[in-house]
Amino acid sequence: HSLRHLSTMKSSVEGEAIRIYKTGDVDVLQSERVTYNAADSDILIRNEYAGLNFIDTYHRSGLYPFPSYPVTLGVDGCGVVEAISPALSAQYQLSIGDRVAY
């Protein structure tokens with residue numbers, strides 16, 4: 001499948017996210033369509049794979065609560081760089097189209 005290159009870091013991208021509006025059992029997880037607006041300080045990554053980390057379950061259960069909600073869960077994944085500012089590209093030696101893991 002083809003890469004979609006974004007022209008600026010101010011671009012909006014729609015995607016699917018697992019979010020919580022409060023802590024609790026697995027029934028608080030909600031799949032939602034969301035819009036992300038990348039800023040110059042962001043690297044926009046098109047996720048191809050996402051992992052479930054124990055910290056995600058701790059956040060969901062309230063063991064490590066966030067200061068405010070809603071929150072998009074997920075701290076592990078890999079994908080393709082879709083947008084990156086010139087400064088961050090130089091700092092991290094990344095370019096649009098590079099495959100990354102986090």
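Here we summarise the structure given alongside this text. Computed from a predicted structure; not experimentally measured. (Residues numbered from 1 in each chain as written. Predicted model: local features only at pLDDT ≥ 70, side-chain atom pairs only at ≥ 80, totals over all residues. Heavy atoms only, no water.)

A look at the overall build of the protein chain
Looking only at helices and strands, the protein chain has two helices and six strands in total. Reading the protein chain from its N end, one meets helices and strands in the order β-β-β-α-β-β-α-β. Buried positions account for 28% of the 102 residues belonging to the protein chain. Sequence-distant contacts, at least 24 apart, represent 60% of the contacts inside the protein chain between residues at least 6 apart. Counting only carbon and sulfur atoms, one obtains 54% of the accessible surface of the protein chain, whose full area is about 6,800 Å². (Helix = DSSP H or I, 4+ residues; strand = E, 2+ residues; numbered from the N terminus. Buried < 20%, exposed > 50% of the residue type's maximum accessible area, 1.4 Å probe, protein only. Contact = heavy atoms within 4.5 Å. Areas by Shrake-Rupley, 256 points an atom, 1.4 Å probe, with all protein chains shown as cover.)

Focus on the side chain of Arg60
Note on placement: Arg60 falls in helix α1 (residues 54–61). Although Arg60 is buried, it forms no salt bridge, and the closest oppositely charged side chain is Asp25 at an N-O distance of 4.1 Å. Ignoring anything within four residues of it in the chain, the contact list for Arg60 reads Ile20, Thr23, Gly24, Asp25, Val26, Val28, Leu29 and Leu73. (Lys, Arg positive; Asp, Glu negative; His and termini not counted. Salt bridge = Lys/Arg side-chain N within 4 Å of Asp/Glu carboxyl O.)

Section: the sheet that holds strand β3 (residues 43–51)
Ordered in space as β3-β5-β6, the three strands form an open sheet in which the pairing is antiparallel. Because the sheet does not close on itself, it has two edges, and the strands there are β3 and β6 (99–101). Pairwise comparison of adjacent strand axes, ignoring direction, gives a mean angle of 30° for this sheet. Summarising the sheet, strand β5 (residues 76–84) and β6 pair through three bridges and their orientation is antiparallel. Opposite Cys78, over in β6, you have Ala101 as the bridge partner. (Pairing = 2+ DSSP bridges. Axes fitted to C-alpha atoms, helices over the stretch in contact; angles between N-to-C directions.)

Things to note about the sheet that holds strand β2 (residues 30–37)
Read from one edge of the open sheet, three strands run β2-β1-β4, paired in antiparallel fashion. The sheet terminates laterally at β2 and β4 (71–72), the two strands that pair on one side only.

Here we look at the packing of aromatic side chains
By convention here, two paired aromatic rings are described through the distance between centres and the angle between planes. Under the criterion given, the structure shown has three aromatic pairs. The interplanar angle of 70° and the centroid separation of 5.6 Å between the aromatic rings of Tyr58 and Tyr64 together place this pair among those described as edge-to-face. With a centroid separation of 6.2 Å and an interplanar angle of 90°, the aromatic rings of Phe66 and Tyr69 are classed as edge-to-face. Feature note: the residues Phe54, Tyr58 and Tyr64 constitute an aromatic cluster, connected by ring pairs. (Phe/Tyr/Trp six-rings, centres within 6.5 Å; stacked < 30°, edge-to-face > 60°.)

A closer look at the environment of Asp27
By secondary structure assignment, the location of Asp27 is in the loop between β1 (12–20) and β2. Separated by 33 residues in the primary sequence, Asp27 and Arg60 place their C-alpha atoms 9.9 Å from one another.

Comments concerning the pairing of β5
Of all nine residues making up β5, seven are buried, and the element is well covered by its neighbours. Strand direction decides the pairing type here: β3 and β5, joined by eight bridges, are antiparallel. In the strand pairing of β5, Ala50 is matched with Gly77.

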